[in-house]
Amino acid sequence: MSARLPLLLRGLRRPGRPPGPPLRPPAPAPAPARASGGGGGGCGGGEGLLGQRRLRDAQVGSSRGQGSRAPPVRGSIVREVIQNSKEVLSLLQEKNPTFKPVLAIIQAGDDNLMQEINQNLAEEAGLNITHICLPPDSSEDEIIDEILKINEDTRVHGLALQISESSFSNKVLNALKPEKDVDGVTDINLGRLVRGDAHECYVSPVARAVIELLEKSGVNLDGKKILIIGAHGSLEAALQCLFQRRGSMTMTSQWKTPHLQSKLLESDIVVLGSPKPEEIPLSWIQPGTTVLNCSHDFLSGKLGCGSLGVHFNGLIAEDDVSLLAAALRIQNMVSSGRRWLREQQHARWRLHCLKLQPLSPVPRITPTPLGEGKSTVTVGLVQALTAHLNINSFACLRQPSQGPTFGVKGGAAGGGYAQVIPMEEFNLHLTGDIHAITAANNLLAAAIDTRILHENTQTDKALYNRLVPSVNGVREFSSIQLARLKKLGINKTDPSALTEEEVSKFARLNIDPSTITWQRVLDTNDRFLRKMTIGQAPTEKGYSRQAQFDIAVASEIMAVLALTDSLADMKERLGRMVVASDKDGQPVTAEDLGVTGALTVLMKDAIKPNLMQTLEGTPVFVHAGPFANIAHGNSSVLADKIALKLVGQEGFVVTEAGFGADIGMEKFFNIKCRASGLVPNAVVLVATVRALKMHGGGPSVTAGVPLKREYTEENIQLVADGCCNLQKQIQIAQLFGVPVIVALNVFKTDTRAEIDLVCELAKRAGAFDAVPCYHWSIGGKGTVELARAVREAASKGSRFRFLYDVQLPIVEKIRTIAQAVYGAKDIELSPEAQSKIDRYTQQGFGNLPICMAKTHLSLSHQPDKKGVPRDFILPISDVRASIGAGFIYPLVGTMSTMPGLPTRPCFYDIDLDTETEQVKGLF
């Protein structure tokens, strides 16, 4: 039985800010022949309109008016649009400082007249542009392939096409994601515009530019006759829709249409959607008619016949449409970025939860006496939050080791009607993360002993020649060897240029075998691997030493996986893992052994959290599972951060920690919170009546042996006496300034009097609330009151604080934890522990947090000391370092890192139906 009843869950949210991860300014998305959209270069030269005509103001007259003049139009409108976009973007960046929207422009051809306009306007507004340059003869499929790449690039928030009009097929246009279609050319955006949902779509910047220019020039469009000539597709549809919304009478025509002259003569406004053929004379257009050229070819950089402009009483203001359209595209880009940010916050999910039909009695095995239902409560809580209260929530669970799955404890998928499914995959291999850790760990172990062997049996010159061989007549250092040279202060890149002293310094790590701390691992309980001798084969030439195996989840690589936040960070952490000291007392790292890149390759898929679901269909991330006795015993930072992004600002992430408040919670706060930067909002302590009875003096509990009557019958006195442990666990949580909710995991043998007593004493001890939970028997419905209590506690806000300053000496940090958390009178260091502390301090590792390796069965170092032991001296037998993970771990008393199998392991009950392939006996 897990000694201290309460175990840790977390209700975790980012206070007062969107829950998404930090947004980094994106680099241009990689693609063939891409160019940064900088000043007029890019796809083949071209000076650019903006460089030639710098937003000149033009005076225009009113339509069909004589002699009157309106204020300057072009420059003021464009400046107004860009300034507005800049201000909106600035407001967005106040809350998201690294956010900078990116516009991607796919260009097929060498015409670059619009490129500089787009670049300069984007820079002025504060956007980035990435230019993708394709050959002029690119096929439809090649263009679509580039579009699809941009669609999936989360760094890009808008996409525009600068391609020939002949390439604007429906297949090409509708390949764009509507949310990135800032030119409004997809059927979805056009459909929304036609339906009147302009606020939900992107409207063609060209069509908007036409309307803006007319209205800003004082033209009243109501009742005007509009003729749109030579327009096609999205531009024609957008123009018609916008004009009709303003009360205009709209006609469309192609250049070869009969009676074109009569249509031109009766029109108040003419919009040219494609270049005017030479055979159509300008004399067909009435003097004073407003003429706007928004030829679709302007998107590809080609000027139409004549110039782009507005014709009022013979006055031409060139390029108004193209410049304003470019500015309005920028405005659409900012809107796209704003929508993207809003989506990162998310509204409540429209999740279709699964309906339970609980049976009584529940047709599943009851929870093992070795656990108090921490995982089960985690699952039940998120089922209640999402399936019953309609609150976005994610559970983040640790991945179970096969050691306990086949040993005593069984799996860790929860139980009853609060489980993760499919439970068999959860408990067996899953996606192989632990196997990847095993492979990486043992590769590093092999590298250590191999290096010692070769250094012992070769001269400096022979060793160097093998480390830096000549391949096809070329001899060069690998990247990781160059990094080692730099670390050694050798600023040379030519292998033949090193002196004899430098060769020896580079080639020899001089590992002291007695200081090796890196062990081999296996994900199986095997007591006979706790101590062994390696190197006894004749091929090892007399090199042998004492070694051992640990359980795979005890590997430092598992702790690294749980604390990392990116591939780059993981690679760096793997490289700085210390495996031994050299004969001068300096640390030897994985980077020194040259194995960092290989370790990262083995771990490249394991870094990705595994998405599963509960029995009620709510989402669960399963990722990492560090051994809670010697590591921090928490699920991964990456799973927490991704889950926070997905649940939104008002959602909850319930993340699981190992064991009680004295181990799992203390390490969560002092180690994981430091690594992640996340601020906790509430703690859920899991308690059971049976565990309280044990802490109150009840008889010992043995796995596989039926519980004695003290645990199955009402015994108020034992419960009352054992609540001292619960009170202490609550006090530990309060050290960190976080509100505590006690979840009493109810068993069928618990009586109402026992349940009420526990809840009452928990509240008296300072718990925010204490709630009986029935999730095992009826699912999330049985934890609704717990979910409400968590929501209320989290809304109050926490005054979170760390227990100690990491700059304190190692001994003082150990003493702080021992006295404040465990209740020890003081600590006692063995000579070996003191020696290790001195060494780590000298090596520069003294400012790391502390990860105590201690039994989970008692607040003290003695498993049989239940309740709240007092006035004891905490013995520190040894101190080790996980430099890659980022903590120092003292060993309290005797700690085994390789569990053993019991007389009757769980595997006796596990079988496979060979007909149905159904797994039986897992729990």
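In this numbering scheme, every chain counts its residues from 1 along its sequence in written order. With pLDDT at 70 or above as the cut-off, local features in this predicted model cover only qualifying residues; side-chain atom pairs require 80 or more to be listed or tallied, and sums for whole chains, interfaces and linings still use all residues. Hydrogens and water molecules were not included; the side-chain quantities draw on all heavy atoms of the structure.

**A closer look at the pairing of strand β23 (residues 610-614)**
- Note on pairing: DSSP must find at least two bridges between two strands before they are called paired. A run of DSSP states H or I qualifies as a helix once it reaches four residues; a run of E qualifies as a strand once it reaches two. Both are numbered from the N-terminal end. The pairing of strand β14 (residues 418-421) with β23 spans two bridges and is classified as antiparallel. By the bridge assignment, V420 is partnered in β23 with T614.
- When β23 meets strand β24 (residues 619-622), the two strands line up antiparallel, connected through four bridges. Residue pairing for β24: L611 is matched across the bridge by F621.
- Hairpin remark: β23 followed by β24, antiparallel, with four residues in the connecting loop; positive phi at G617, about 80°.

**Examining the pattern of salt bridges**
- Salt bridge, as used here: a side-chain nitrogen of Lys or Arg that lies within 4 Å of a carboxyl oxygen of Asp or Glu. Tallied over the entire structure, the rule returns 36 salt bridges.
- Its salt-bridge partner being K171, residue D141 comes within 3.5 Å of it at the nearest N-O pair. Here K171 lies in helix α5 (residues 170-173) and D141 lies in helix α4 (residues 140-152), a separation of 30 residues in the sequence.
- Where R508 meets D460, a salt bridge forms, and the shortest distance between an N and an O atom there is 2.4 Å. Residue R508 is located in the loop between α17 (500-507) and β17 (520-522), and its partner D460 is located in helix α15 (residues 460-467); the two are separated by 48 residues in the primary sequence.

**So, the nonpolar core**
- The biggest cluster of nonpolar side chains holds 61 residues, and the ones touching the most others in it are F669, I730, M852, L874, I876 and I888.
- Sorting elements by how many residues they give to this core places helix α29 (residues 810-822) first, with seven residues.
- Should any heavy atoms of two residues lie within 4.5 Å, those residues are counted as being in contact. For I876, the residues in contact, after removing those within four places along its chain, are I814, I827, E828, L829, S830, A833, M852, P890, L891 and V892.
- Take the buried Ala, Val, Leu, Ile, Met, Phe, Trp, Tyr and Cys residues and link them wherever side-chain atoms come within 4.5 Å; each set so joined is a nonpolar core. Summary of the burial criterion: residues with accessible area below 20% of their type's maximum are buried, those above 50% are exposed, and those between are partly exposed, where the area comes from a 1.4 Å probe applied to protein chains only. Grouped together as the second largest cluster of nonpolar side chains are 55 residues, M114, L121, V203 and I211 included.

**What to know about a nonpolar patch on the surface**
- Here, patches come from residues exposed beyond 30% relative accessible area and free of salt bridges, joined within 9 Å for like charges and within 5 Å for nonpolar side chains (Val, Leu, Ile, Met, Phe, Trp, Tyr). Computed by Shrake-Rupley with a 1.4 Å probe, the accessible areas treat only the displayed protein chains as cover when residues are assessed. Side chains of L901, F907 and Y908 sit close together on the surface and give an oily, nonpolar patch of about 300 Å² of accessible area.
- By the secondary structure assignment, L901 is in the loop between β31 (887-892) and β32 (911-913).

**Considerations on the state of the cysteines**
- What counts as a disulfide here is a pair of cysteine sulfur atoms lying within 2.5 Å. The final tally for this structure, using the stated rule, is zero disulfides.
- Counting only cysteine sulfurs, C723 is the nearest neighbor of C724, a cysteine outside any disulfide, at a range of 8.0 Å.

**Here's the deal with empty space enclosed by the protein**
- Cavity: a set of points on a 1 Å grid over the protein atoms alone where a 1.4 Å probe fits but cannot get out. Pocket: an open set with protein on both sides within 12 Å along at least five of seven lines, its lining residues, like those of a cavity, having an atom within 4 Å of a point. Grid points are joined across faces, edges and corners, and a volume is the space filled by probe spheres set on the points. Tallied over the entire structure, the rule returns five cavities of 30 Å³ or more.
- Counted as a void, the largest cavity has a volume near 240 Å³.
- In this structure, the largest cavity is lined by 18 residues; those nearest its centre are T517, A554, E556, S882 and Y889.
- Of all the elements, strand β30 (residues 873-882) adds the most residues to the lining of the largest cavity, at three residues.
- Charged residues are taken to be Asp, Glu, Lys and Arg, nonpolar residues to be Ala, Val, Leu, Ile, Met, Phe, Trp, Tyr, Cys and Pro, and polar residues to be all remaining types, Gly included. Here the lining of the largest cavity is composed, by residue class, of ten nonpolar, five polar and three charged.

**Some words on the packing of helix α6 (residues 187-195) against helix α8 (residues 233-245)**
- For helices, the fitted axis covers only the stretch in contact; all axes are lines through C-alpha atoms, and the angles between them, taken along N-to-C directions, range from 0 to 180 degrees. Here α6 crosses α8 at 15°, and the two axes come no closer than 10 Å. Relative to α8, the element α6 is oriented roughly parallel. Between α6 and α8 lies a crossing of left-handed hand. Every residue of α8 that contacts α6 at L190, L193, V194 and R195 is listed here: S234, A237, A238, C241, L242 and R245.
- Across the contact of α6 with α8, the residue classes break down as seven nonpolar, one polar and two charged. The scheme is simple: roughly parallel for angles under 35 degrees, roughly antiparallel for over 145, roughly perpendicular for 65 to 115, oblique for anything else. Crossing handedness is read from the near helix: turned anticlockwise from the far helix by less than a right angle, it gives a left-handed crossing, and turned clockwise, a right-handed one.

**Describing the sheet that holds β31**
- The mixed open sheet is built from three strands, whose spatial order is β29-β30-β31. Of all the strands in the sheet, just β29 (826-829) and β31 have a single pairing partner and so form its edges. Across the sheet, the axes of successive neighbouring strands diverge by a mean angle of 50°, strand direction being ignored.
- The pairing of β30 with β31 spans six bridges and is classified as antiparallel.

**Brief notes about helix α11 (residues 374-388)**
- In this analysis, the expected span of each helix is defined as 1.5 Å times one less than the number of residues it contains. Given a rise of 1.5 Å per residue, 15 residues ought to cover 21 Å, and the 20 Å separating the end C-alpha atoms of α11 matches this to within 8%.
- Directly beyond the C-terminal end of α11, a positive phi value near 60° is found at N390.

**Here we look at the confidence of the model for the protein**
- The quantity called pLDDT is the predictor's confidence in a given residue, expressed from 0 to 100. Considering every residue of the protein, the mean pLDDT works out to 84; 86% of them sit at 70 or more.
- In the model, residues 44-72 has pLDDT below 50 throughout and makes 71 contacts with residues more than four positions away in sequence or in other chains.
- When the criterion is pLDDT under 50, residues 364-370 qualifies, and its contacts beyond four places in sequence or with other chains add up to 21 contacts.

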